[in-house]
Amino acid sequence: MVFAQKALGLQPGPFDAWLTTRGVRTLALRMERHCANALALAAWLETRRGVRHVRYPFLSSHPQHDLARRQMRAGSGLVTFELEASVEATLAFCRRLRCFTLAESLGGVESLVCHPPSMTHASVPPDVRRRVGIADGLVRLSVGIEDVDDLRADLEAALSEVLG
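These figures come from a predicted structure and were not determined experimentally.

Draft legend 1. Geometry of the nonpolar core. Leu45, Val79, Phe81, Phe93 and Leu141 are the most contacted members of the largest nonpolar core, which has 28 residues in total. Residue assignment for this core shows that the elements contributing at least two residues are α3 (27–45), β1 (51–55), β2 (78–83), α5 (87–96), β5 (138–142) and α7 (148–163). In terms of residue count, the dominant contributor to this core is α3 (6 residues). Those residues in contact with phenylalanine 93, other than ones at most four positions away along the chain, are Phe81, Leu83, Val139, Leu155, Ala158, Leu159 and Val162.

Structure below.
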(Lines give C-alpha, C1' and ligand atoms only; values in the text may rest on other atoms or scores of the structure.)
Protein backbone atom coordinates (compact mmCIF):
# COMPACT_ATOMS: atom_id res chain seq x y z
CA MET A 1 0.00 0.00 0.00
CA VAL A 2 2.86 2.40 0.80
CA PHE A 3 4.31 1.81 -2.68
CA ALA A 4 0.91 2.50 -4.30
CA GLN A 5 0.48 5.68 -2.27
CA LYS A 6 3.85 6.99 -3.35
CA ALA A 7 3.72 5.78 -6.96
CA LEU A 8 0.11 6.74 -7.70
CA GLY A 9 -0.28 9.79 -5.50
CA LEU A 10 -3.16 8.36 -3.50
CA GLN A 11 -2.62 10.75 -0.63
CA PRO A 12 -2.95 14.53 -0.80
CA GLY A 13 0.07 16.74 -0.59
CA PRO A 14 0.37 19.42 2.11
CA PHE A 15 -1.03 22.17 -0.13
CA ASP A 16 -4.04 20.01 -1.12
CA ALA A 17 -4.72 19.30 2.55
CA TRP A 18 -4.50 23.01 3.37
CA LEU A 19 -6.90 23.91 0.53
CA THR A 20 -9.36 21.28 1.76
CA THR A 21 -9.17 22.56 5.32
CA ARG A 22 -9.67 26.12 4.13
CA GLY A 23 -12.61 25.15 1.91
CA VAL A 24 -14.42 23.20 4.61
CA ARG A 25 -14.84 26.41 6.60
CA THR A 26 -17.28 27.83 4.04
CA LEU A 27 -18.79 24.57 2.77
CA ALA A 28 -22.09 25.00 4.64
CA LEU A 29 -22.58 28.53 3.26
CA ARG A 30 -21.75 27.42 -0.27
CA MET A 31 -24.14 24.46 -0.07
CA GLU A 32 -26.95 26.67 1.21
CA ARG A 33 -26.47 28.94 -1.81
CA HIS A 34 -26.19 26.01 -4.27
CA CYS A 35 -29.44 24.53 -2.97
CA ALA A 36 -31.35 27.82 -2.78
CA ASN A 37 -30.30 28.78 -6.31
CA ALA A 38 -31.14 25.33 -7.69
CA LEU A 39 -34.58 25.28 -6.06
CA ALA A 40 -35.38 28.77 -7.35
CA LEU A 41 -34.31 27.87 -10.89
CA ALA A 42 -36.09 24.51 -10.84
CA ALA A 43 -39.37 26.11 -9.71
CA TRP A 44 -38.96 28.83 -12.36
CA LEU A 45 -38.16 26.30 -15.12
CA GLU A 46 -41.40 24.44 -14.34
CA THR A 47 -43.31 27.53 -15.46
CA ARG A 48 -41.50 28.01 -18.76
CA ARG A 49 -43.03 27.21 -22.13
CA GLY A 50 -40.97 24.61 -23.99
CA VAL A 51 -39.85 22.79 -20.83
CA ARG A 52 -41.43 19.33 -20.76
CA HIS A 53 -40.53 18.47 -17.16
CA VAL A 54 -38.11 19.41 -14.39
CA ARG A 55 -36.49 17.00 -11.93
CA TYR A 56 -35.40 18.40 -8.59
CA PRO A 57 -36.09 16.48 -5.36
CA PHE A 58 -37.42 19.47 -3.41
CA LEU A 59 -40.09 20.33 -5.99
CA SER A 60 -43.48 18.97 -4.99
CA SER A 61 -43.81 17.62 -8.57
CA HIS A 62 -40.84 15.28 -8.08
CA PRO A 63 -41.97 11.64 -7.79
CA GLN A 64 -39.89 11.12 -4.63
CA HIS A 65 -40.42 14.54 -3.07
CA ASP A 66 -41.68 13.20 0.27
CA LEU A 67 -38.76 10.79 0.58
CA ALA A 68 -36.28 13.56 -0.24
CA ARG A 69 -37.82 15.83 2.40
CA ARG A 70 -37.50 13.08 5.03
CA GLN A 71 -33.91 12.20 4.16
CA MET A 72 -32.36 15.52 3.15
CA ARG A 73 -32.09 19.05 4.50
CA ALA A 74 -31.90 20.54 1.01
CA GLY A 75 -32.21 19.37 -2.56
CA SER A 76 -28.60 19.81 -3.87
CA GLY A 77 -27.32 21.98 -6.68
CA LEU A 78 -28.29 19.61 -9.52
CA VAL A 79 -31.35 20.22 -11.68
CA THR A 80 -32.37 18.25 -14.76
CA PHE A 81 -35.03 19.26 -17.23
CA GLU A 82 -36.18 18.26 -20.64
CA LEU A 83 -36.75 20.73 -23.44
CA GLU A 84 -39.39 20.14 -26.07
CA ALA A 85 -36.66 20.41 -28.68
CA SER A 86 -34.41 18.43 -30.99
CA VAL A 87 -30.85 17.46 -30.15
CA GLU A 88 -29.60 20.34 -32.28
CA ALA A 89 -31.85 22.91 -30.61
CA THR A 90 -30.99 21.60 -27.15
CA LEU A 91 -27.27 21.84 -27.89
CA ALA A 92 -27.81 25.36 -29.25
CA PHE A 93 -29.54 26.23 -25.96
CA CYS A 94 -26.58 24.88 -23.95
CA ARG A 95 -24.05 26.74 -26.11
CA ARG A 96 -26.03 29.99 -25.89
CA LEU A 97 -25.72 30.16 -22.10
CA ARG A 98 -23.14 32.65 -20.81
CA CYS A 99 -23.28 32.16 -17.02
CA PHE A 100 -23.22 28.35 -17.35
CA THR A 101 -20.11 26.66 -18.71
CA LEU A 102 -20.70 23.65 -20.98
CA ALA A 103 -18.89 20.85 -19.13
CA GLU A 104 -19.14 17.23 -18.01
CA SER A 105 -18.84 17.77 -14.29
CA LEU A 106 -20.96 18.05 -11.20
CA GLY A 107 -19.30 21.39 -10.67
CA GLY A 108 -17.96 23.59 -7.97
CA VAL A 109 -18.93 27.15 -7.12
CA GLU A 110 -19.49 27.99 -10.79
CA SER A 111 -22.60 26.98 -12.73
CA LEU A 112 -22.27 24.30 -15.39
CA VAL A 113 -24.58 22.88 -18.06
CA CYS A 114 -24.40 19.41 -19.59
CA HIS A 115 -26.31 17.74 -22.43
CA PRO A 116 -26.18 14.08 -21.28
CA PRO A 117 -27.24 12.50 -24.63
CA SER A 118 -24.22 13.99 -26.42
CA MET A 119 -21.81 14.19 -23.50
CA THR A 120 -21.88 11.89 -20.45
CA HIS A 121 -24.11 9.26 -22.07
CA ALA A 122 -23.04 9.59 -25.71
CA SER A 123 -21.75 5.99 -25.80
CA VAL A 124 -25.13 4.60 -24.71
CA PRO A 125 -27.26 3.56 -27.72
CA PRO A 126 -30.12 6.04 -28.37
CA ASP A 127 -32.88 3.46 -27.82
CA VAL A 128 -31.38 2.50 -24.44
CA ARG A 129 -31.02 6.18 -23.47
CA ARG A 130 -34.67 6.86 -24.29
CA ARG A 131 -35.80 3.75 -22.40
CA VAL A 132 -34.09 4.95 -19.20
CA GLY A 133 -35.34 8.52 -19.53
CA ILE A 134 -32.41 10.25 -21.21
CA ALA A 135 -34.30 12.04 -23.95
CA ASP A 136 -32.65 14.10 -26.69
CA GLY A 137 -33.82 17.32 -25.01
CA LEU A 138 -32.43 16.48 -21.55
CA VAL A 139 -30.28 19.13 -19.88
CA ARG A 140 -28.46 18.91 -16.54
CA LEU A 141 -27.52 22.01 -14.58
CA SER A 142 -24.99 22.09 -11.81
CA VAL A 143 -26.10 25.34 -10.22
CA GLY A 144 -23.37 27.44 -8.69
CA ILE A 145 -23.37 30.24 -6.16
CA GLU A 146 -23.68 33.16 -8.58
CA ASP A 147 -26.54 35.62 -8.28
CA VAL A 148 -29.72 33.66 -9.02
CA ASP A 149 -31.22 36.55 -11.00
CA ASP A 150 -28.22 36.47 -13.37
CA LEU A 151 -28.60 32.71 -13.81
CA ARG A 152 -32.34 33.01 -14.45
CA ALA A 153 -31.81 35.80 -16.99
CA ASP A 154 -29.21 33.68 -18.80
CA LEU A 155 -31.57 30.71 -18.98
CA GLU A 156 -34.44 32.95 -20.13
CA ALA A 157 -32.35 34.49 -22.91
CA ALA A 158 -31.23 31.05 -24.16
CA LEU A 159 -34.78 29.64 -24.00
CA SER A 160 -36.18 32.63 -25.88
CA GLU A 161 -33.51 32.47 -28.55
CA VAL A 162 -33.71 28.74 -29.15
CA LEU A 163 -37.40 27.99 -28.54
CA GLY A 164 -38.82 31.32 -29.68
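Draft legend 2. Broad picture of the pattern of salt bridges. Counting across every chain of the model gives 4 salt bridges. Salt-bridge contacts for arginine 52 lead to glutamate 82; the nearest nitrogen and oxygen are separated by 2.5 Å. Of this pair, arginine 52 sits in strand β1 while glutamate 82 sits in strand β2, placing them 30 residues apart in sequence. Since its relative accessible area comes to 47%, arginine 52 is described here as partly exposed. A residue is classified by how much of its surface remains accessible, and glutamate 82, at 9% relative accessible area, is buried. Between glutamate 161 and arginine 96 there is a salt bridge, with the nearest N and O atoms lying 2.7 Å from each other. Residue glutamate 161 is found in helix α7, and its partner arginine 96 is found in helix α5; the two are separated by 65 residues along the sequence.

What counts, and at which threshold
All residue numbers here refer to positions counted from 1 along the written sequence of the relevant chain. With pLDDT at 70 or above as the cut-off, local features in this predicted model cover only qualifying residues; side-chain atom pairs require 80 or more to be listed or tallied, and sums for whole chains, interfaces and linings still use all residues. Side-chain calculation: all heavy atoms of the structure are included, whereas hydrogens and water are not. The definition of a nonpolar core used throughout is a set of buried Ala, Val, Leu, Ile, Met, Phe, Trp, Tyr and Cys residues joined through side-chain atoms within 4.5 Å. Partly exposed describes any residue whose relative accessible area lies between the buried limit of under 20% and the exposed limit of over 50%, with all areas from a 1.4 Å probe on protein chains only and scaled to the type maximum. A run of H or I in DSSP becomes a helix once it reaches four residues, and a run of E becomes a strand once it reaches two; helices and strands are each numbered from the N terminus. Contacts are assigned to residue pairs with any non-hydrogen atoms lying within 4.5 Å of each other. The rule for a salt bridge is simple: a side-chain nitrogen of Lys or Arg has to be within 4 Å of a carboxyl oxygen of Asp or Glu.

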